[in-house]
Amino acid sequence: MSEASNNIFDKKLENLNEALDSTKLWKGTFRQFLQKYKEDRAVSKNIGVLAHQRIYNMIISGGIKKEDHFGKERTRYAFFEDSLYGSEEAVDAIMSYIHSAAQKTETSRRMLMLFGPVSSGKSSIVTCLKRGLEAYTRTPEGAMYAISGSKMHENPFLLVPESLRPDFEQEYGLRIEGQLNPVSAMRLRDEFHGKFMEFPVEQIYIDESLRVGIGTFLPSDPKSQDQSELVGSIDFAKIQEFGDEADPRSYNFNGELNVANRGIMELVEALKADERFLRVLLTVTQEKALKAPRFGFIYCDTFIILHSNETEFRNFMAEKKYEAYHDRMIIVKVPYNMSTSNEVKIYTKLIETSDAIKGLFGSSGAVHVAPKTLEAAAMFAILSRLSPPPDGGDLTLIKKMKLYDKQHVRGHKIEQVPTLRNKDPHEGMSGVSPRFIIDQISAAISTARDEGRDYVTALDVLRQLNKAVKLRDSFPQDKKNHFEALIDEARKEWDDMLRNDIQKAFFVCYEDEARALCENYLDQIEAACSGEKPKDPVTGEESDLDEKLMDSIEEQIDITSSGKEDFRNEILRAVGTFSRKNKKFDYTEHAQLKEAIQKKLFEERKSVIRMTVSARNPDPEGLKKINEVIARMVDHQGYSTGSANALLKYASSQLFDK
């Protein structure tokens, strides 16, 4: 790292150190706090909010925008979707709940239950919310204040007596909900003699590690685990000091629900918990209060979020004794991602910090992951999660996979994806998990290192996946057979990708040629569909339609004579859509046209490519050509020399020598 870079980074460290200096957190009396509230209207928007409102404000602060999602407009939340991939439907359902709860409707008195298969992203969603809330309270707009010394970090406005609250709401437009906990009420009475305006208030940060604003609960042995983990417990040592179990000072208000007040309460594998614990949640949810021994109901404002795997969730929903809980839950299904491009983003995120990828250990440096390797693994994963297409149509599993990835598929529309999903609500709830895939990618990388290779290709990963499927005892034989067939399907799709990459590498100006061919084709079909003759782009003179050119492109993707007109009109509509958005049409965004253009170009040169790549002992000219191809694969497509060379050898025996 250069000296300049070091200086910039050092400055960032110092700035962050200054920003997080806890000695600079605001402190004062409630009188001063109230004055701050009146004067700083930007801050006041967030000061008096409840947990759901705070979380909603946090999410919105990350930015929103409208986007097209399978033909329908939806709101994209950058907070979630810059770190979670392929969870649009789950995010929409969660935001519907949070938005409603933030408006203090009855929805705020419901628990949020996430269920889905293992490794589908449930924990990631909760972690995103927790980390986001921690960061948000460290910003000016998310600043949070609490009663000093309160283990429940209570809202300072709870100091306002009940008799004054209607006037307070009329004066400041803020409705105060809740009461002080027993310790704070005792302090107000005994230390401050009821003078609530003198009570100390402080700024706080939500921090899970310090048990401020975030509580977590993981069920264990019900015989050894009791409710004190949620609601706190009596401190027997302090009973001797204060002489009464009912003295608030003799009670530890340090249960997970206590510390989660005004923030988030997470229950991991929630439905494994004994009913005693669920009963506590029921009270907190419905009454916004928890019951501690020796005390009445204690106000608690928290966003309760539970998550569970599907099997336990189904068993829970089938039990009639849990009907009261069913009615107080907002249930959100979190299936596996079903988009290959999003799946690649998931794998990239999981492996990009790997020491093996970065070359942070050992002397051999980093392992290069060849292009299209993650795509091959992703295709297998998505295929394993999709339900078989309905009988009687031409929709194959591969075509369905492409549709779900918003790719154009002839004879089908992207807008039909929601309908396809609705036909099988269980789709995406089974198949292989991202965790299973990433384990095999990691194993393939380790094998490459052991073999002294500095690269890993899709072939390595697919072989490892095939091996892992065969050895997985939890997979019944019929599932193993099915998965092995899907791995083969993924390999065939990857073969096409590799073939295209190699063929492109034979072209010096591939993209220029492809776009020129596309422009010529568009001119021809526009004239054909309008009944006019195309004009020469240079002279402006009319010329005859080039039927041969149009046919030679369309026959590459089996467009029949009866289907030509429909296909050409479809392309022109796509061009019009781009034009209305003030964008130039890009043929690569139309899967069929892209395939047709590529195949047309490659058809003209396939004999040369086949002879060069497949030659077992190429002559000097052929060897020079191969080296040029490898150089282009490295320079323009992201391959390493080793991976490009290995894949050319594979292609010579499997893809071109036929």
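As a reminder, the structure under discussion sits directly above these lines.
Residues numbered from 1 in each chain as written. Predicted model: local features only at pLDDT ≥ 70, side-chain atom pairs only at ≥ 80, totals over all residues. Heavy atoms only, no water.

Draft legend 1. Inspection of the packing of helix 18 (residues 373–385) against helix 19 (residues 397–404) at higher detail. The N-to-C vectors of helix 18 and helix 19 enclose an angle of 105 degrees; their axes lie 10 Å apart at closest approach. Put simply, helix 18 runs roughly perpendicular to helix 19. Here helix 18 contributes Met379, Ile382 and Leu383 to the contact with helix 19, which in turn contributes Leu397, Ile398 and Met401. Split into classes, the residues belonging to the contact of helix 18 with helix 19 amount to 6 nonpolar, no polar and no charged. (Axes fitted to C-alpha atoms, helices over the stretch in contact; angles between N-to-C directions. Helix = DSSP H or I, 4+ residues; strand = E, 2+ residues; numbered from the N terminus. Parallel < 35°, antiparallel > 145°, perpendicular 65-115°, else oblique. Contact = heavy atoms within 4.5 Å. Nonpolar A, V, L, I, M, F, W, Y, C, P; charged D, E, K, R; others polar.)

Draft legend 2. Molecular detail of the sheet that holds strand 1 (residues 27–29). Reading across from one edge, 1-6-5 is the order of the 3 strands in this open sheet, with antiparallel pairing throughout. The open sheet has two free edges, formed respectively by strand 1 and strand 5 (144–147), since each of these has just one partner strand. Each neighbouring strand pair of the sheet contributes to a mean axis angle of 30 degrees, computed without reference to strand direction. Pairing geometry for strand 5 and strand 6 (residues 200–204), over 4 bridges, is antiparallel. (Pairing = 2+ DSSP bridges.)

Draft legend 3. Summary view of the packing of aromatic side chains. Under the definition given, this model contains 26 aromatic pairs. Considering the side-chain rings of Tyr97 and Phe303, the 5.7 Å spacing of their centres and the 65 degrees angle between planes classify their relative orientation as edge-to-face. Remark: Phe303 occurs in strand 13 (residues 303–309) and Tyr97 occurs in helix 6 (residues 88–102); sequence separation between them is 206 residues. Comparing Tyr97 with Phe303, the two get one shared label, buried. Ring geometry for Phe436 versus Phe475: centroids 5.9 Å apart, planes at 65 degrees, classification edge-to-face. With a gap of 39 residues between them, Phe436 in helix 21 (residues 434–450) and Phe475 in the loop between helix 22 (458–471) and helix 23 (477–505) connect regions that are remote in the sequence. For the pair Phe436 and Phe475, one class covers both residues: buried. Put simply, the rings of Trp26, Phe30, Phe33, Tyr37, Tyr145, Phe157, Phe168, Tyr172 and Phe196 touch in pairs and so form one group of aromatic residues. The ring of Tyr336 is capped by Arg385, whose NZ or CZ atom sits 4.6 Å from the centre of that ring. The ring of Tyr455 is capped by Arg453, whose NZ or CZ atom sits 5.3 Å from the centre of that ring. (Phe/Tyr/Trp six-rings, centres within 6.5 Å; stacked < 30°, edge-to-face > 60°. Buried < 20%, exposed > 50% of the residue type's maximum accessible area, 1.4 Å probe, protein only. Lys NZ or Arg CZ within 6 Å of the ring centre and 35° of its normal.)

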